[in-house]
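Structure at a glance
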Amino acid sequence: MDALQQMGTLAQAVSTCTLLYCSGLSLPKHLVIGCKTFSQMTKVMVCVFLVLFFQAHNGDLTIRPTCKPGFSEDDYTAFVSQNIMEGQKLLRVKFNNCAGNKGVRYETNSLDFKVRVDGTMYAAHHVQMPSKQLILMVTAWDPQILGRWEAIVRFLVTEKSQHSGHKPKGRKTVPGELAQQQSDTLLPWRQHQSANGLRRQKRDWVIPPINVPENSRGPFPQQLVRIRSDKDKEIHIRYSITGVGADQPPMEVFSIDPVSGRMYVTRPMDREERASYHLRAHAVDMNGNKVENPIDLYIYVIDMNDNRPEFINQVYNGSVDEGSKPGTYVMTVTANDADDSTTANGMVRYRIVTQTPQSPSQNMFTINSETGDIVTVAAGLDREKVQQYIVIVQATDMEGNLNYGLSNTATAIITVTDVNDNPPEFTTSTYSGEVPENRVEVVVANLTVMDRDQPHSPNWNAIYRIISGDPSGHFTIRTDPITNEGMVTVVKAVDYEMNRAFMLTVMVSNQAPLASGIQMSFQSTAGVTISVTDVNEAPYFPTNHKLIRLEEGVPTGTVLTTFSAVDPDRFMQQAVRYSKLSDPANWLNINATNGQITTAAVLDRESDYIKNNVYEATFLAADNGIPPASGTGTLQIYLIDINDNAPELLPKEAQICEKPNLNVINITAADADIDPNVGPFVFELPSVPSAVRKNWTITRLNGDYAQLSLRIMYLEAGVYDVPIIVTDSGNPPLYNTSVIKVKVCPCDENGDCTTIGAVAAAGLGTGAIIAILICIIILLTMVLLFVVWMKRREKERHTKQLLIDPEDDVRDNILKYDEEGGGEEDQDYDLSQLQQPETMDHVLNKTPGVRRVDERPIGAEPQYPVRPVIPHPGDIGDFINEGLRAADNDPTAPPYDSLLVFDYEGSGSTAGSVSSLNSSSSGDQDYDYLNDWGPRFKKLADMYGGGEED
């Protein structure tokens with residue numbers, strides 16, 4: 001019995017294993033491993049053994065499908081209140097990683113909500129819901145397999161009456177259930193019967209969201225859902241919807257059949273234009289009375305992959321230092337996808353398509369597929385070889401799936417920036433130059449260097465230093481900003497007699513320090529040889545300015561000092577000659593060969609050429625070099641004062657009242673010398689003449705001032721010369737007798753001289769004063785009379801009329817023409833007839849009756865009045881009247897008012913009378929040209945230019 005039972009069991013095991021093997025269903029892992037290890041027969045035997053073993057231990061041989069990690073749903077929906085308390089449980093998400101969920105962690109994209117290890121979602125703190133709907137993203141992360149899974153959680157805010165006792169918190173909406181709800185009829189208003197027969201109204205349902213895919217092709221209108229009330233069996237109900245998309249812009253996106261309650265979408269939706277709609281459904285009776293409370297309808301537009309990723313910029317510019325290590329950040333490119341970023345439609349991934357140039361490697365850069373960060377992936381970036389890379393970056397949605405996703409490209413230009421990885425190097429190891437002595441700011445030599453770094457950058461700019469050979473700092477090296485050459489420049493004059501040559505060692509470096517790991521090159525140092533050339537230098541005075549002290553007044557020819565110069569050219573045999581360059585007073589002489597200074601005149605300290613007791617003279621020292629050079633030196637002579645000037649009394653003039661005790665004269669003295677050869681002074685009156693001390697007295701005030709006053713009670717007004725002897729305090733003292741002119745005059749009560757008194761003091765008597773006043777009055781009277789006469793003469797000149805009317809004055813019409821002589825036919829005239837006859841017999845014997853009226857008669861002429869040389873203005877009219885009367889009585893005057901006198905042209909004429917010539921207008925000559933000759937020929941033009949019609 002036991003054997004049969006074991007055989008049955010074995011047969012069952014074989015059958016089971018064969019069935020599992022042939023059917024291809026999945027066994028537990030340990031069974032599958034065992035089954036696939038051996039041959040077919042062996043597999044059957046092993047399978048029987050494993051089945052028996054499995055039944056002995058588990059008693060279960062369930063065939064399980066393959067496990068796929070992920071959330072149980074892609075979209076969870078929960079209904080919450082407006083105010084959520086801290087720690088309040090809202091929803092539980094289910095996730096399976098096919099390994100018992102060990103180590104799975106959850107996180108959200110909101111700081112307001114968190115997820116526990118068991119998937120329970122709760123509020124991290126008190127939350128006030130900002131809107132009717134809140135969409136979150138929950139992420140599950142498994143650190144063991146490095147996987148991430150995401151799901152959407154929607155929180156719908158409802159009123160309290162719609163929220164309690166209906167749907168449990170965290171209730172998920174299964175897609176199949178949601179489709180069922182959308183296709184079936186919704187009964188949001190449901191009536192319930194109580195146990196005692198009374199009808200009570202249960203709280204309204206909350207309608208779950210309605211999902212509508214965008215870009216649907218229809219046909220439209222497309223039904224979304226049907227809404228009806230339980231009361232439509234009792235009364236006729238009309239349904240309507242309100243809100244954005246129904247009766248608010250955009251209008252008529254959704255419509256509802258008022259009788260059946262079927263709700264439609266009328267056109268394709270665009271999630272990028274609007275992602276959700278909030279409508280309210282209303283139910284009223286035929287009279288418009290509300291039958292049910294309005295119901296909230298939430299319609300979400302399901303995203304479709306209809307938008308390509310768009311880069312923010314088509315061209316991105318970035319840079320990376322040459323020599324950067326792999327993994328160095330370069331730049332970030334960003335592309336945005338208008339599709340839903342929580343779905344694969346909006347999840348963008350990046351990749352590098354091409355790189356140009358592909359040197360030194362075709363994959364010098366890589367890009368983070370999610371963030372768009374471009375980093376270096378290979379070493380070998382060298383700006384001196386490749387200065388710029390052009391990288392084409394592609395962005396693809398659908399998480400980078402090239403088969404289903406949409407793509408776009410952009411260009412990333414990566415510039416390899418320079419680092420100082422190339423030290424500057426001299427092009428040669430030695431340089432040379434030459435400089436004349438005593439010259440500064442002269443470029444001696446140009447040092448050329450080579451640097452492969454980027455020109456005109458701190459990595460390329462050269463800095464030169466002299467490290468040896470110039471301890472006194474005669475040279476410096478300046479950098480040419482354009483060529484980067486070093487210009488060795490003299491900044492401190494060199495002396496050939498001190499240094500004939502310099503051996504400099506110079507070093508070059510960059511403005512920026514060398515990059516890490518780069519060493520200076522041995523070619524960064526060089527030698528510079530500078531030769532100094534000798535030039536003829538000017539002699540110089542070792543002591544310049546030279547100061548000597550001596551007393552003034554030394555005699556002419558006195559040797560003062562030797563002012564010699566030194567020639568710095570020690571290697572040249574040259575002679576130095578001296579001469580004066582400036583000697584304002586011409587007091588000095590200098591020896592031309594040795595520079596000895598002697599006096600040419602007496603030196604006077606009080607001279608105008610002395611400033612602060614010092615006299616300055618400039619001398620010239622010149623050598624005989626080629627070309628000759630010269631230097632100047634200044635000699636200063638400080639003159640010590642001696643008492644060689646007597647004091648002078650001040651003031652030279654003064655006035656005083658004729659009576660004493662009213663005022664006095666303050667006197668002092670001036671001395672051209674200086675202390676101690678000046679004051680205090682001694683003022684005294686001489687004993688001769690005796691009247692001086694009799695009339696005057698001197699009172700000493702101090703060492704420099706004294707007072708001169710009258711000794712007697714009264715002194716007649718006048719000018720008095722008062723001699724005063726002034727003596728200084730020099731050694732020996734000098735004195736001087738000075739005369740002060742004192743005017744003595746009568747004074748008023750204030751002690752001031754009166755005007756008459758001042759005149760009297762000047763020495764004029766009363767008679768002289770009266771005579772002077774009379775002369776002044778006569779002179780003023782004569783001047784007044786002369787002015788009156790001149791005004792009267794000017795007035796008469798303007799009132800007299802002219803003798804000749806200006807219009808009749810034809811003097812300006814008399815023109816003088818040059819004599820041009822006669823023509824050929826004008827040579828046989830008898831010119832004697834035009835000469836003045838020697839006798840007047842033919843005139844005197846002429847019959848009176850035939851005398852021409854315009855001839856000058858022969859006879860006695862009346863005497864016309866002679867015009868005085870200096871006529872009086874009042875006599876001019878009388879003179880003219882007398883001349884007019886004489887002319888009227890003159891028998892020789894012509895009968896017409898003319899003053900012209902014609903010369904006699906002789907008696908008779910060889911020419912016939914011209915009175916027989918008649919003017920005729922019958923000729924054919926044209927006289928119209930007279931009109932062009934101007935106004936002077938207008939009369940002739942009128943007479944002859946008119947023709948026969950005139």
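What you see is a predicted model, and the numbers here were worked out from it, not measured in a lab.

Along the backbone of the protein there are ten helices and 54 strands. The buried share of the protein, reckoned over its 950 residues, is 33%. Element-wise, carbon and sulfur atoms account for 53% of the exposed surface of the protein, whose accessible area totals about 59,100 Å².

Cis geometry marks the peptide bond from Phe-220 to Pro-221, where omega comes out at -5°. For Pro-221, the position within the fold is in the loop between strand S15 (210-213) and strand S16 (222-229). Following Val-688, the chain continues into Pro-689 via a peptide bond in cis, with omega recorded as -5°. With phi around 60°, Glu-252 is a residue other than glycine that occupies positive phi space. Following the sequence through the fold, Glu-252 ends up in the loop between strand S17 (237-243) and strand S18 (254-256).

In this section: the nonpolar core. Judged by nonpolar contacts, the single largest core of 25 residues is most densely connected at Ile-241, Phe-254, Met-263, Met-269, Leu-279, Leu-297 and Ile-299. At the level of elements, S15, S16, S17, S18, strand S19 (262-265), strand S20 (276-285) and strand S21 (290-302) are the ones that each hand at least two residues to this core. When neighbours within four sequence positions are excluded, Leu-297 is seen to be in contact with Ile-207, Ile-227, Ile-241, Met-263, Tyr-277, His-278, Leu-279 and Ala-281.

Attention now goes to the pattern of salt bridges. Evaluated as defined, the whole model comprises 16 salt bridges. Notably, a salt bridge pairs Glu-606 with Arg-605, separated by 3.1 Å at the nearest N-O pair. The same class applies to Glu-606 and to Arg-605, which are both buried. The partner of Glu-648 in a salt bridge is Lys-652, with the nearest N and O atoms 3.4 Å apart. Residues joined in a network through salt bridges with shared partners are Arg-271, Glu-272 and Asp-303.

Taken as a whole and judged by the stated rule, the model has two disulfides. Bridging Cys-657 to Cys-747, the disulfide has an S-S length of 1.8 Å. Across the S-S bond linking Cys-657 and Cys-747, the dihedral sits near -105°, which makes this disulfide left-handed. Taken together, the positions of Cys-657 in strand S48 (residues 653-657) and Cys-747 in the loop between strand S54 (735-745) and helix H6 (755-761) put the pair 90 residues apart, joining distant regions of the chain. A relative accessible area of 23% places Cys-747 in the partly exposed class. The disulfide bridge from Cys-745 ends at Cys-753, spanning 1.5 Å between sulfur atoms.

Taken together, three strands build an open sheet; the order of strands is S4-S8-S7 and the sheet is antiparallel. Two strands lie at the open edges of the sheet, namely strand S4 (89-92) and strand S7 (113-115), each paired on one side alone. Adjacent strand axes in the sheet meet at a mean angle of 25° when their direction is disregarded. Direction of pairing for S4 relative to strand S8 (residues 120-123): antiparallel, over a ladder of three bridges. By the bridge assignment, Arg-92 is partnered in S8 with Thr-120.

To summarise the sheet geometry, strands pair through backbone hydrogen bonds and adopt either a parallel or an antiparallel arrangement. Within the open sheet, the three strands sit side by side as S41-S44-S43. Their pairing is antiparallel. Across the chains shown, the open sheet's two edge strands, defined by having one partner strand only, are strand S41 (559-562) and strand S43 (588-590). Across the sheet, the axes of successive neighbouring strands diverge by a mean angle of 25°, strand direction being ignored. Where S43 and strand S44 (residues 596-599) come together, three bridges link them in antiparallel fashion. Bridge pairing in S44 places Leu-588 opposite Thr-599.

Below, the discussion takes up the packing of aromatic side chains. A full pass over the atoms with the stated rule returns 18 aromatic pairs. Taking 5.1 Å as the distance between ring centres and 75° as the angle between the ring planes, the aromatic pair formed by Phe-475 and Phe-502 counts as edge-to-face. Within this pair, whereas Phe-475 is found in strand S36 (residues 475-479), its partner Phe-502 is found in strand S38 (residues 501-510), the two being separated by 27 residues in sequence. Residue Phe-502 is classed as buried on the basis of its relative accessible area, which comes to 6%.

Conventions adopted
Residues numbered from 1 in each chain as written. Predicted model: local features only at pLDDT ≥ 70, side-chain atom pairs only at ≥ 80, totals over all residues. Heavy atoms only, no water. Helix = DSSP H or I, 4+ residues; strand = E, 2+ residues; numbered from the N terminus. Buried < 20%, exposed > 50% of the residue type's maximum accessible area, 1.4 Å probe, protein only. Areas by Shrake-Rupley, 256 points an atom, 1.4 Å probe, with all protein chains shown as cover. Core = buried A, V, L, I, M, F, W, Y, C linked by side-chain atoms within 4.5 Å. Contact = heavy atoms within 4.5 Å. Salt bridge = Lys/Arg side-chain N within 4 Å of Asp/Glu carboxyl O. Disulfide = S-S within 2.5 Å. Pairing = 2+ DSSP bridges. Axes fitted to C-alpha atoms, helices over the stretch in contact; angles between N-to-C directions. Phe/Tyr/Trp six-rings, centres within 6.5 Å; stacked < 30°, edge-to-face > 60°.

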